[in-house]
Every structure is written in C-alpha cells, then in structure tokens.
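One letter stands for each residue in the lines below.
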Amino acid sequence: MTNSIREIPVSEAFLIIGSNTTENHPVIGSMIKKEVITRGKKLVVIDPRRIEMAKYADVFLQIKPGTNIAILNGLAHVAIKENLYAGDYVASRCEGFDEFKKVVEKYTPEFVADICGIDDPSLIVKAARILAGAKPMALYYCMGVTQFKSGVNGVKSCANLQMLLGNIGVAGGGVNPLRGQNNVQGACDMGALNAVYPAYQPVGNEEMRDKFKAAWKPAFDLSMKPGLTIVESLNGAIAGDVKALYVFGENPVMSDPNQHHVIEALEKLDFVVVQDIVMSETAQYADVVLPGAAFLEKEGTVSNTERRVQLMHRVVDFPGEAKDDWWIITQIANRMGASWEYTCAKDIFEEVRTVTPSYAGITYDRLEKELIQWPCPNEQHPGTQFLHKDKFSRGLGLMTAIEYTPPAEEVDPEYPVILTTGRILEHFHTGTMSRNSRVLHETVSEGFVELNQNDASNYNVEDGDLVAVSTRRGSVRLKAKVTARPKPNVAFIPFHFVEAAANKLTIDALDPTCKIPEFKVCACKIEKVHM
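Rules behind the numbers
Residues numbered from 1 in each chain as written. Predicted model: local features only at pLDDT ≥ 70, side-chain atom pairs only at ≥ 80, totals over all residues. Heavy atoms only, no water. Helix = DSSP H or I, 4+ residues; strand = E, 2+ residues; numbered from the N terminus. Buried < 20%, exposed > 50% of the residue type's maximum accessible area, 1.4 Å probe, protein only. Contact = heavy atoms within 4.5 Å. Areas by Shrake-Rupley, 256 points an atom, 1.4 Å probe, with all protein chains shown as cover. Lys, Arg positive; Asp, Glu negative; His and termini not counted. Charge placed at Lys NZ, Arg CZ, Asp CG, Glu CD. Pairing = 2+ DSSP bridges. Axes fitted to C-alpha atoms, helices over the stretch in contact; angles between N-to-C directions. Salt bridge = Lys/Arg side-chain N within 4 Å of Asp/Glu carboxyl O. Parallel < 35°, antiparallel > 145°, perpendicular 65-115°, else oblique. Left-handed = near helix turned anticlockwise from the far one by under 90°. Nonpolar A, V, L, I, M, F, W, Y, C, P; charged D, E, K, R; others polar. Domains from an automatic or database assignment. Phe/Tyr/Trp six-rings, centres within 6.5 Å; stacked < 30°, edge-to-face > 60°. Lys NZ or Arg CZ within 6 Å of the ring centre and 35° of its normal. Arc of directions from axis to C-beta. Core = buried A, V, L, I, M, F, W, Y, C linked by side-chain atoms within 4.5 Å.

### Let's talk about the overall build of the chain
- Along its length, the chain carries 19 helices and 20 strands.
- Overall, the C-alpha framework of the chain stretches about 65 × 65 × 45 Å when taken along its three principal axes.
- A total of 531 residues make up the chain; the buried ones form 54% of that total.
- Restricting the contact set of the chain to residue pairs at least 6 apart, pairs at least 24 apart contribute 69%.
- With an accessible surface of roughly 23,600 Å², the chain has 53% of that area assigned to carbon and sulfur atoms.
- Looking at the chain, you have 56 positive and 66 negative side-chain charges, and the mean spots of the two groups are 4 Å apart.

### Side note on the sheet that holds strand β9 (residues 244-248)
- The parallel open sheet is built from three strands, whose spatial order is β9-β10-β11. Here the strands that pair on one side only, and so sit at the sheet edges, are β9 and β11 (288-291). Between one strand axis and the next, the sheet turns through 10 degrees on average, direction left out of account.

### Some thoughts on the pattern of salt bridges
- Applying the stated criterion across every chain, the model contains 27 salt bridges.
- Residues joined by salt bridges that share partners form a network here, namely E206, R209, D210, K213 and D221.

### What to know about unusual backbone geometry
- Backbone torsion omega between K135 and P136 reads -5 degrees, so that peptide bond is classified as cis.
- Note on placement: P136 falls in the loop between α7 (122-133) and β5 (137-141).
- Note that the residue after W374, namely P375, is joined by a cis bond; omega there is 0 degrees.
- One can find P375 in the loop between α17 (364-369) and β14 (397-398).
- The backbone of A199 sits at a positive phi, close to 65 degrees, despite the residue not being glycine.
- In this structure, A199 sits in the loop between β7 (196-197) and β8 (201-202).

### Quick word on the packing of helix α3 (residues 68-81) against α7
- Here α3 crosses α7 at 70 degrees, and the two axes come no closer than 9 Å. By the angle between their axes, α3 is roughly perpendicular relative to α7. Crossing geometry of α3 relative to α7 is assigned as right-handed. Each of I71, G74, L75 and V78 in α3 lies in contact with α7, whose residues at this interface are I124, V125, A127, A128 and L131.
- Class assignment of the residues belonging to the contact of α3 with α7 gives a composition of eight nonpolar, one polar and no charged.

### Remarks on the domain arrangement of the chain
- Structurally, the chain comprises domain 1 (5-178), domain 2 (184-369) and domain 3 (417-528).
- Computed from C-alpha atoms alone, the centre-to-centre distance between domain 1 and domain 2 is 34 Å.

### Regarding the pairing of strand β19 (residues 490-494)
- For β19, the buried fraction is high: five of the five residues fall into the buried class.
- On β19, burial covers both faces: V490, F492 and P494 on one face and A491 and I493 on the other are all buried.
- In this sheet, β19 lies alongside strand β15 (residues 417-422) in parallel orientation, the contact comprising five bridges. Note that in β19 the partner of T421 across the bridge is I493.

### Some details on the packing of aromatic side chains
- Taken as a whole and judged by the stated rule, the model has 10 aromatic pairs.
- Here the aromatic rings of Y107 and F111 are separated by 5.4 Å at their centres, their planes lie at 75 degrees, and the arrangement is edge-to-face.
- By the ring-pair criterion, three or more aromatic residues cluster together here, those being Y197, F212 and W216.
- One cation-aromatic arrangement involves R49 over F492; the distance from NZ or CZ to the ring centre is 3.6 Å.
- The ring of W374 carries the charged tip of R307 above its face, separated from the ring centre by 5.9 Å.

### Thoughts on the packing of helix α12 (residues 230-239) against helix α14 (residues 259-268)
- Two numbers describe how α12 lies on α14: the axes approach to 8 Å, and their chain directions differ by 55 degrees. Put simply, α12 runs oblique to α14. Considering the relative orientation of α12 and α14, their crossing is left-handed. From α12, L234, N235, A237 and I238 reach across to α14, where they touch H261, V262, E264, A265 and K268.
- For the contact of α12 with α14, the residue count by class is five nonpolar, two polar and two charged.

### Some remarks on the environment of V461
- Looking at where V461 falls in the secondary structure, it is placed in the loop between α19 (453-458) and β17 (466-471).
- By relative accessible area, which is 6% here, V461 ends up buried.
- Separated by 356 residues in sequence, V461 and E105 place their C-alpha atoms 43 Å apart.
- For V461, the contacting residues outside a window of four places in its chain are L451, A456, V467, A480, V482 and K528.

### Quick notes on helix α5 (residues 97-104)
- Among all positions of α5, only F97, F100, V103 and V104 are buried. Projected down its long axis, α5 carries its buried residues within an arc of 130 degrees, all on one side. Those residues of α5 that are exposed and angled more than 90 degrees off the buried face are D98 and K102.
- In this fold, the buried residues of α5 make contact with α3, α4 (87-93), β4 (94-95) and α9 (151-164).

### Here's the deal with the nonpolar core
- Residues L15, I17, I46, I71 and L164 are the most contacted members of the largest nonpolar core, which totals 51 residues.
- Per-element accounting of this core gives the leading share, eight residues, to α3.
- Each residue touching L15, except ones within four places of it in the same chain, is listed here: V44, I46, L72, L131, M137, A138, L139, Y140 and L161.
- Counting 22 residues, the second largest nonpolar core, distinct from the first, contains L451, L478, F495 and C524.

This is the structure we're talking about:
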C-alpha cells in the first residue's frame, strides 16, 4: 500500500476494484464500511460479483472478468473530458499525460460499457464524477486486478487514475493493494522474487551483485540472470531443465493454475523437498518433508500490507520434531558448504538491516514500542506513513498509455461461460489450515459453484444440484449455489477445496512482465449431473 490503514477515516471516497474486501480482508473492509455507513463517505465498487460491499456503494459497476483496464480507462476518459482531473498536479508531478490522454480518448462510456458488459453507460459517468469530486479518494485493489495476463497493466491503470485525480502522495489517498497473506509483503521485501535481492534491488545490476557477494560471502559467484517464477519452474521440470524443487510454505498443487500440469511437473522432478506445518497436497509428492513452525511457534518479523514491520514472539513450543524455518534452512546451507552462524531470528534481522536500505532504521527495540512502516532509512527516522509525498521515487510519476487487451481464453460455443475463482470468508488460501479447523470446516464443508439465476434456469439447475464444470484442462463436480451474486454468464468457484479443485480448470497463461497466472478468467461449460 502506498498509504496506511489508519488513514481510512481521512479518505472522503473509496474505489474498490477486484477486491472482495469484507470477505478477504475483513478488518479493512469493516473500516471502509463504517466510514460509508456512519459518515456518508462515497463508495464505488467494480467487480464481476455482487459482493457485500456493493450493497453500500453509490455506484456498483458489475463488469465482465478481465476488463479492469477498460473500465479504468473509461473513468479517466470522463474525468478528462469533463475537466474534472487534477490539472495542476498532473502538470507539476507527472509525465506521459499527453500520450495517456490520446489513448483513453476512445474509451467513451458507451465503448467501455460494451467491453465490460455494463447495461447503463451513464453509471460510468456517475462513478467518475463521484471519484473526481472527492478529495482525497483511496483506491483499493486485490487479486481481482493482478491475476490476469494483463495484471501489470491493470495495476498501472490504477496508478494512472490516481495520478490523474491527484490522489498519490497525500494522506487518505493512494493506490492500495491488499495482500493475500500476512507476510506476502515481507517475503517480497526480502527478495523472495525471481529477479531481485532484498528491497527490490535488481539481480542484473553489477553493483548490487557485488554488494550482496560481500555481505553473504558465497562460495560461488552470484548470477546476474533472473531466476524462474514458480510456473516457469514447473514448466522447466516438464522440459527436463529443472531437476529439483524446494517448496517452502507453499502448496502449488492447490494454488497454481492447471493442476494436472503441476502434478505432472512434480512427478517428473528428480527430487522434491517440502517444508510445511501440515502434510499438504504438495507434500504427497515430496521425497523429503521437513516440519516447519507455525506462526505462534516463531520468533521474528512480518511485514503487512501497509508496509508495517511487526515483531512476533513465540507463544507455544514446537510440536514433535518441528523446528524454526530459519534453523532448518541454515542447517541445509551449512551442509552444502556455507558457514552461516545465525543463532536466532534477531541475528538474521540485523543482517537484513545492513543490506536492505528501507529497513536500515528498524530495530527490535523500536518495534517493541513504535509503529514503523518502511522506508525507514535510519534509527532517527519515524518510518513512512504514505509514499511519494511531494515527489515520486522516480522523480515524476509516469502515466502509462495502456490499451485494453482481452483475456487469453474467451468464451465460444463449446465453452460459453466465463469462470472466475477466488476465496471465501470461512476458508484461507489452499485450506491447509482452515480446513483443519472443525468450526470452519463445519461452516463450509465443501466446494461449490456460484451460478446466476438466469444461467441456472438455462441449464435446468436448481440450488444444491450437482453440476460438472469443465474447461479445456479438466473437470470438477460440485454443488450449484444459485444466487444473484455473479454476473450473468459468469461462474465463480472458491479454490480452497481439494475434492473440487478450482485450479484443475484454470489456465496457466502468464503476464509477460511479472509472470503471474491468469487465475481470474477462463472459458468453461456447465452441465447438470443426472444421478
């Protein structure tokens, strides 16, 4: 997030796009809802499903999955045409406006409504006027923006709109991605990405290579070539180029697209290690399973969605043979020739401070007493509540001219329904923890597919009927939940349930820049199962 959770009361309006906020981020969702209900703040919601937040929206734009860029360009078009945008801000703090303006000129409300499947184009105008008229306005998005082959461009389009309206670098504004797990931000900060060292320092930079070589003293040279993403690694396994995989706190059999392809890759590898707290679906394919520690058993830090670094203390002892994750990795590294001498998590964090400029001023002592968000370059620095105040980190904010591009797989007569996937309130990610909770499992014990009433009628399906949902990659059987939530001709399946795994169906098309898969849209067909 460019901004902070505690700024929600400062915002005068909210744009939520591609985020089922009250179910996937209920604390933040409840804070936004409170502002809208009790203080009359304005709310625009953009989503293919009539999520709970849509009930409180001044405007709800129910778009087809995969059309985020078109709707964002449409909002920008109205703001420019009606001269509602922040002209002085754009002129003094941004570049690329003329090219951007030229591209969005054709994204009229009527043109955008046709792409997005919106019946009333005037709603786009109404939404743009609300968003442009409220200062500051905060934009919140989640994986309903990123998990497309155009995911990077979707995020850039969010930034374009907020720069156009002058909402970046101000309290209560910003472009605010809601992270999918509690330490996704921290993992990325620490370099758990294929092309960067900690603090997003590029592996292809010779100066960065030398810096980390001096800090880590490896027995070999550090490569300047970016590594593979998880989907690329699995593709490499099938091709015979990747021989082994170390899976740490991840469950790709459930969480990655095209499950058949994932399993094929795992079976072809020479050696698979899984480090986890439960015997996950992926662990079934492992040669070695290492018992890691759950969050209440750990010492260390996590960094949350607002860049806040939080200190954790161990509450309970390890069960059985479980060990600290850092200890396990250290033992393996030292047996492979390293000479790491960490004795506790704090030792590692002290090293983090020396190689990660944005964390340099953060200490365990400070975290016990202070709320600190990176960047925090020195111990006298208070941390950064919101980014890009007065000036962007690159100087001028870059407005990018972006055209809408359709999804990798569109509907056709054989597969006429759009399938989208996601999470529900009662379960988390691949269910390895939440489905082991008796209460949560009893609340929602099995997978389902949401169907719009019109679609259900067309397929002669009633609520609770067993249906088969099929794509070009596989098929699952599950019960239908007939509801007004999904847009007509859109089906929704949560991906928590191994016995009806949504990712048997999803496509592994990738964003060309960040390589994220297109989880959120593919073509499917629905068939009633006759018992």
